[in-house]
Amino acid sequence: MIIYANVLWLQKDGYSKEEYEDSYCPKRISKKKFRYLEGDYFHFAIADGATETSFSKIWANILVHAYCSGKFESENLISNFIQIQKKWKNQLSKKSLPWYAEEKLKMGAYSSLLGVSIFKQDNDHPSYGTARIVAMGDSCVFLVRDNDLVYSFPIKESKEFNNRPMLLPSINNSQQIIDLLVKEKIELKKNDQFFLMTDAMACWFLKTYEDGHKPWIIINHFKTKKSFISYISKLRKDGDLKNDDITLLTIKIT
Amino acid sequence: MGKNIFHIKALYINNVNINRGNIMVYSAEISRRSPTCFIFLIDQSGSMEDPFGGDKTKKKADSVANAINKLLQNLVIKCAKGGEVRDYFHVGVIGYGYENNGVGPAFSGPLLGKDLVPISEIANNPSRIEERTKKIEDGAGGLVDQTIKFPIWFDSVAVNGTPMCKAFTYVMKILEDWLNEYPNSYPPIVINITDGESTDGTPLDISESIKSLSTSDGNVLLFNVHLSSHESNPILFADSSENLPDEYAKLLFEMSSTLPEYMQNVAKMEGHSISSSSRGFVFNADPVSVIQFLDIGTRPSNLR
C-alpha cells in the first residue's frame with residue numbers, strides 16, 4: 001500500500017492568514033504535491049476552531065496533533081482528553097488580559113475534529129487495509145471508490161449543516177463529550193480516495209453531489225494552490241460557498 | 001483535459017442557478033467589513049421607579065440598567081477574539097424620558113454623548129467594572145460560585161414622562177445615516193426596553209416607519225422588551241397578543257417585528273417554543289437570547 005496525501009487551505013475572504021482557525025495534521029503534507037508516506041499506519045486529522053470562541057486556533061492545533069499522536073486511539077481516552085484540555089490552558093498567555101478576554105477565556109475554546117487512521121493489511125486481515133474514523137462536529141470525510149461517492153461521514157446530506165454544531169470543548173464535560181464522539185471502521189480497496197474537509201467545503205461537496213455531479217473531479221484538478229484559490233474565490237463570489245475557513249485534505253491509496 | 005475544463009464550467013453555471021433559487025433575506029454575512037447595528041432604546045421615565053414583576057424590592061429602572069449592561073457585555077464577549085474585539089457590531093444606547101422629557105445617548109463614562117459606536121469602543125470604555133458572582137456547573141453535576149467582571153456603561157435613571165414617539169423619531173435619523181453607509185449589511189436591530197406607557201401619543205405609526213427602513217438583506221427589525229409591574233409569568237417571543245396581560249403589552253407586541261425564519265430556527269434549536277408568527281417581543285424575561293440569534297460564524301451548540 002502506498003499513500004499519497006495533500007492539503008490545501010484558505011482563510012475567510014476579508015481575513016488575514018493569521019486569522020485562519022482550522023488546523024490539520026501531519027504538517028509534512030503541506031507541500032503542493034502529493035507525498036508518499038511510509039509506515040504501517042498513518043494518522044490524518046483536520047479541525048475547525050469555532051469563530052465564536054477565543055483561542056480556538058490553539059485548541060484546533062492541539063486536537064489534530066493529539067489525534068495524530070494516537071491519543072484518541074487509546075483505551076484511556078478520558079484521561080488523555082483531560083490532559084489535552086490542560087495543554088490548551090497551559091499554552092495561553094500568562095499576561096493580563098482585558099476584561100472581555102478574561103471572561104471569554106472562561107467559556108473555553110471549541111473545535112470540530114475529524115481523524116482518519118489508515119492501517120495497512122496484515123496477516124490477520126484479509127482486506128487491502130482498514131480505516132478508522134473519529135468525528136465530532138461538522139468536519140467531514142468522503143470516500144470515493146470507482147468514481148462514485150460510497151461513504152460520507154458524519155454528515156450525509158447538505159441540509160444537515162448549520163452554524164450550531166456540537167463541538168469539542170477545551171474545558172469541562174470531558175466524560176459527556178467523549179461519549180458523543182462518533183467512530184467508524186471501513187475496509188479499504190485499492191485506489192480508494194478520501195477527502196477530508198471542514199464544513200463550508202463539505203457542504204458544497206454534498207450539494208454538488210446531490211445535484212448529480214462529481215465534485216471530486218473538480219478537486220482532483222486543483223494542481224496548484226493558485227487554481228484552488230481561484231476556484232474557491234469564484235464559488236464564494238457567486239454565493240455557492242459560505243465565507244468560512246477552508247481545509248481540504250486528500251488521501252489517495254494505491 | 002478539454003472535457004474536464006468544460007465539466008468545471010458546467011458546475012459553475014449549475015451552482016449559480018441553485019443559489020438563485022434559494023436567495024434568503026436576513027442572510028448577509030456579519031463581519032468587520034460588513035457590520036450590523038444594534039440600537040437599544042431605554043425608557044428612563046418616572047414610572048420605571050415602580051416595582052418589577054410584583055417584586056416590591058426590585059425597581060424596573062434597575063432591571064433595565066442591569067439588562068442593558070448585560071446585553072452590552074454579551075455583545076462585547078461575542079465579538080472578543082483573543083485580546084481584541086472585532087467590530088462586527090455598531091451599537092447605540094438611546095435614553096428617553098430623562099431631564100425635560102429628553103431623548104439622547106444614554107452612555108455614562110467615556111462614551112457620554114455618543115449615539116453610535118463600534119463594539120470595540122464600548123468594550124474598552126465602560127464607566128466602571130464591578131465584580132459579581134454567578135453560579136456555574138462544576139463538571140460533576142453541582143454548581144459553584146464564580147467571580148465575574150461586570151462592566152457598567154449605563155446607570156439606572158427614572159424621571160419625567162415616556163416620550164416613546166420622540167425616541168423612535170430620533171432613532172430613525174441614526175438609522176437612515178447608518179443605512180446610507182452600509183446598504184448591504186445585515187439589517188439593524190432596534191431593541192426598545194420599556195414599561196410600555198408612552199406619554200406622547202401612540203408609537204404605532206413611527207414604529208412602522210422604522211420597520212420600513214431596510215438594507216438589501218431585509219427590513220430593520222424592531223424588538224420590544226416589556227418590563228411590567230404585573231405578576232404574570234415571563235413570556236419570550238409571543239406569537240399572539242391574546243394572552244398578554246395588559247393593553248401596553250398588546251401594543252408593544254403589535255409594534256414588534258416577526259422573527260425572520262433564520263432566527264426562528266435558531267430559537268427552536270435553543271429550546272424556545274416558536275411558531276412562524278413569533279415576534280421579537282419579550283415580557284418580563286431576560287432579553288439576552290435575542291442577541292444570541294445573530295451568527296458571526298460557528299457557535300457551538302454545546303456552548304452555554
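Residues numbered from 1 in each chain as written. Chains lettered and ligands numbered in written order. Predicted model: local features only at pLDDT ≥ 70, side-chain atom pairs only at ≥ 80, totals over all residues. Heavy atoms only, no water.

### Focus on the sheet that holds strand β4 (residues 41-48) of chain A
All names here are of chain A.
Step number 1: Within the open sheet, the five strands sit side by side as β2-β4-β6-β7-β11. Their pairing is antiparallel. With one partner strand each, in any of the chains shown, β2 (22-25) and β11 (182-187) form the two edges of the open sheet. In this sheet, adjacent strand axes meet at a mean angle of 10 degrees when their direction is disregarded.
Step number 2: Of the pairings in the sheet, the one linking strand β7 (residues 129-136) to β11 comprises six bridges and is antiparallel in character. Counted as the bridge partner of V134 is K183 from β11. (Pairing = 2+ DSSP bridges. Helix = DSSP H or I, 4+ residues; strand = E, 2+ residues; numbered from the N terminus. Axes fitted to C-alpha atoms, helices over the stretch in contact; angles between N-to-C directions.)

### Side note on the interface of chain B and chain A
The accessible area lost on association of the parts is a frequent measure of interface size.
Step number 1: Of the residues lining the interface, 54 residues belong to chain B; the matching set on chain A comes to 47 residues.
Step number 2: Together, the buried faces of chain B and chain A total about 4,600 Å²; carbon and sulfur atoms form 52% of this surface.
Step number 3: On inspection of chain B and its partner chain A, the count reaches seven salt bridges.
Step number 4: A salt bridge links K149 of chain B to E102 of chain A; its shortest N-O distance comes to 3.4 Å.
Step number 5: Connecting chain B to chain A are 22 residue pairs in polar contact (both at pLDDT 80 or more).
Step number 6: Elements that contribute at least two residues to the side of chain B that touches chain A include exactly α1 (2-21), α2 (60-79), β4 (80-81), β5 (84-85), β9 (128-137), β10 (143-152) and α7 (261-269) of chain B.
Step number 7: Per-element accounting of the side of chain B that touches chain A gives the leading share, ten residues, to α1 of chain B.
Step number 8: When grouped by side-chain class, the residues that make up the side of chain B that touches chain A number 25 nonpolar, 17 polar and twelve charged. (Contact = heavy atoms within 4.5 Å. Buried area = accessible area lost by both parts, 1.4 Å probe. Salt bridge = Lys/Arg side-chain N within 4 Å of Asp/Glu carboxyl O. Polar contact = N/O pair within 3.5 Å; in protein donor to acceptor, adjacent residues only side chain to side chain. Nonpolar A, V, L, I, M, F, W, Y, C, P; charged D, E, K, R; others polar.)

### Details of the pairing of strand β9 (residues 148-153) of chain A
Residue and element names in this part refer to chain A.
Step number 1: Note: strand β8 (residues 140-145) against β9, five bridges, orientation antiparallel. Pairing of L143 across the sheet is with Y151, part of β9.
Step number 2: Turn length for the β8-β9 hairpin, with the two strands adjacent in sequence and antiparallel, is two residues, and the turn residue D146 shows positive phi of about 50 degrees.

### Things to note about the confidence of the model for chain B
All names here are of chain B.
Step number 1: Here chain B shows a mean pLDDT of 82. Residues at 70 or above account for 85%.
Step number 2: Of all helices and strands in chain B, the one with the weakest mean pLDDT is α1 (32), whereas helix α3 (residues 119-123) scores best (97).
Step number 3: Note on residues 1-24: pLDDT is under 50 here. Beyond four places in sequence and across chains, it has 30 contacts.
Step number 4: Model confidence for the complex is summarised by a pTM of 0.85, with the ipTM given as 0.83. (pLDDT = per-residue confidence, 0-100.)

### Notes on helix α5 (residues 199-210) of chain A
Residue and element names in this part refer to chain A.
Step number 1: With twelve residues, α5 extends 16 Å between its outermost C-alpha atoms, agreeing within 8% with the 16 Å of an ideal straight helix rising 1.5 Å per residue.
Step number 2: For α5, a buried count of nine out of twelve residues is recorded, marking the element as mostly surrounded by other parts of the structure.
Step number 3: Buried residues of α5: D199, A200, M201, A202, C203, W204, F205, L206 and T208, and no others.
Step number 4: Looking one or two residues beyond α5, the residue adopting positive phi is G212, at roughly 95 degrees. (Expected span 1.5 Å × (residues − 1). Buried < 20%, exposed > 50% of the residue type's maximum accessible area, 1.4 Å probe, protein only.)

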